[in-house]
Amino acid sequence: MNLHTKHFLIGVVICLLSACSSTQKSRSLTPKVSEKKVEPVRKTQNNFELIQAQRTKAEFDNFFFTGQKEKMTGNSQNAVWNFEQALKIEPKNHAVLYELAVGYFNQNQYVKAEDAIKKAVAIDKENKWYRILQADIYQNQRKWADAAKTYSDLIDLYPDNKEFYGSLATYYTILGKTNDAAKVYDRMGKQFGDNEQAAVSKHKLYFEAGKFKEALVEIKKLVEADPTNKRYLQMLAQTYFKVGDNDKAFETFKKLEEKFPGDPMTSLALAEFYYKKGDKPKSSEYLLSAFASPQMGVDQKIQILYQNYLMQKMSDKMRAEAYQLLDEVVKVHPTEAKGWAIYADFLMVENRKEDARIKYRKAIEFRKDVFSVWQQLLTIEFELRDYKTLNEESEKALEYFPSQPIIYYFSGNAKLELKKFKEAAEAFQNGLNLNGDNRNLETQLQLGLAEAYYRQEDLTNAFATFDKVLAYDSVTNLLALNNYAYYLSVKKMNLAKAERMSKKTIEVEPNNASYLDTYGWILFINGKYKEAADYIKKALDLDKTSYEVFEHYGDVLFKLGNTDEAVANWKKAKELGSDSKTIDKKISEKRIIE
């Protein structure tokens, strides 16, 4: 069955039809145009009629073969138009009807497609390609019963085509006709002498339908026929478990363990068995055994870690167990980048950033083209304020992902902190040039660019960029309002505007130390020293790590006549790393240096 990418299918249908055969190749094979037997021209035939018939045939051929050409070049609309013209000339030409059905189908015109293919099938009843297309058209209209009838007819016409049986069984399953689907598999087994495959298919059918007793009957047949088959024994154990016969399930699991020691799938099954019995230590033992096996793929291990641990609220015991499993993953699969990446993900959840970045770097060591890993690593460097490393690693990331704007954002911020202001501006601008419709990232890039301009004393471009950001959002973009207001106050420019913008920030976030300090500083510049002291003191109470706030508070206290406390605050600012050009002179001369 050809499942076109254009088809709309509910999830279960996609799953059920995934094993169906493809007819894509057949679609490119066009049935030959019917060749009508031409009677010998009688001597009495009118020459005009002969010429007219030849002209009609030529017109038909022109439309038909032009339609074929247009179809092959992907011009479906033009192809359909030409086939429609050809059909007007020969209304019962089944090859044209088929081509029209394909064209309508590819344009999602399923009603027209259905009408065309029905006419084609009525004319040429044994053409399997016509019927396969007909089933596809029914499928895309969710006419499951009609699709099933079509494949039932196909099996009658072509009993040696194994794929048709699977398709028919699938449609019966969708219709909820599990028993009819099982009969199809029985018929397939008899036709091809493969009763084993029929039993496997029936077991899967019953198991997925929740008919576990019927599934047990089928799997027992398989085990009796091949008692040493590991897969069948695993299926038997799981089916026993589903019907509630835990003793026989356990007995089968143990038999598997004896016959296939160290088999990870058996260990996994036993881990689940003991977990459901409530024996957590035994379950953990078997799970660890499965993870220690190289026969179990890294993808399956990662899936278990995500679903059973990372996506759950972990207790201390679960967390310890998760790290045991993670250690096994990187031990057994030391060159698998994804194993190191998931280890880092767990560490990030626990905010162990230093450890996480070591694991992300290991992931990158073995595979350098996974963007999400680079993004996580750069985020950690940014949050750790390791700007030197951030600068180096963002440059490496750009070698692999030169079109990712977020990397330019990290690069720009690193360069800002390293005082490479011109390079920072270039990085932010490159990010803006590549950014699509990510409005939040665009704002952050614009703010970074404004900062880079300001640090270069390019006030015109800096303030113009702030205005551009605020033109889009002057209400909720508090960071832009705060920084713009502060820079205006430092330069003693447009102080009324600065005060208005800053006041907006503290109205929204009255306990933000940075915003309070900015507003207090603007009041200070405007000579409102007492009010300024209140706001900056509040900022200091909220954040005692900012040397800038201590220095500002010292300046305000000095203006209020409290020189000793002013000097004490300036000294504290220096201890915290103030890079102010006047801080030493303020302390030594005990006065503000204008």
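Residues numbered from 1 in each chain as written. Predicted model: local features only at pLDDT ≥ 70, side-chain atom pairs only at ≥ 80, totals over all residues. Heavy atoms only, no water.

J.: Sorry if this is basic, but what is going on with the nonpolar core here?
T.: Looking at soluble globular proteins, one finds that nonpolar side chains tend to be buried together. Ranked by internal contacts, the top residues of the largest apolar core, which has 127 residues, are Leu305, Phe346 and Phe463. Among the elements that take part in this core, helix H29 (residues 513-525) stands out by supplying nine residues, more than any other. With sequence-adjacent residues up to four places away left out, phenylalanine 463 is seen in contact with Tyr454, Tyr484, Tyr487, Leu488 and Met493. (Core = buried A, V, L, I, M, F, W, Y, C linked by side-chain atoms within 4.5 Å. Buried < 20%, exposed > 50% of the residue type's maximum accessible area, 1.4 Å probe, protein only. Helix = DSSP H or I, 4+ residues; strand = E, 2+ residues; numbered from the N terminus. Contact = heavy atoms within 4.5 Å.)

J.: When you look at helix H22 (residues 387-400) in this model, what are you seeing that I'm missing?
T.: Because each turn of an α-helix spans 3.6 residues, side chains separated by three or four positions end up pointing in the same direction. Here H22 contains 14 residues, and its C-alpha end-to-end distance of 20 Å stays within 8% of the 20 Å for a straight helix at 1.5 Å per residue. Where H22 is concerned, the buried positions are Tyr387, Thr389, Leu390, Asn391, Glu393, Ser394, Ala397 and Leu398. Structurally, H22 contributes buried residues whose contacts are with helix H20 (353-366), helix H21 (371-383) and helix H23 (405-417). (Expected span 1.5 Å × (residues − 1).)

J.: Please clarify how the pattern of salt bridges should be interpreted in this entry.
T.: Close approach of charged atoms allows side chains with opposite charge to pair. Tallied over the entire structure, the rule returns 42 salt bridges. The residue glutamate 114 makes a salt bridge to lysine 118 at a minimum N-O spacing of 3.1 Å. You can see glutamate 114 and its partner lysine 118 sitting in helix H6 (residues 110-123), four residues apart, about one turn around the helix. Owing to a relative accessible area of 41%, lysine 118 belongs among the partly exposed residues under this scheme. Measuring nitrogen to oxygen at the nearest pair gives 2.7 Å for the salt bridge that ties glutamate 350 to arginine 319. One end of the pair, glutamate 350, is in the loop between helix H19 (337-349) and H20; the other, arginine 319, is in helix H18 (residues 316-332), and 31 residues separate them in sequence. For arginine 319, a relative accessible area of 23% gives the class partly exposed. Each of Glu354, Arg357, Arg361, Glu381, Asp386 and Glu393 takes part in a single network of salt bridges with overlapping partners. (Salt bridge = Lys/Arg side-chain N within 4 Å of Asp/Glu carboxyl O.)

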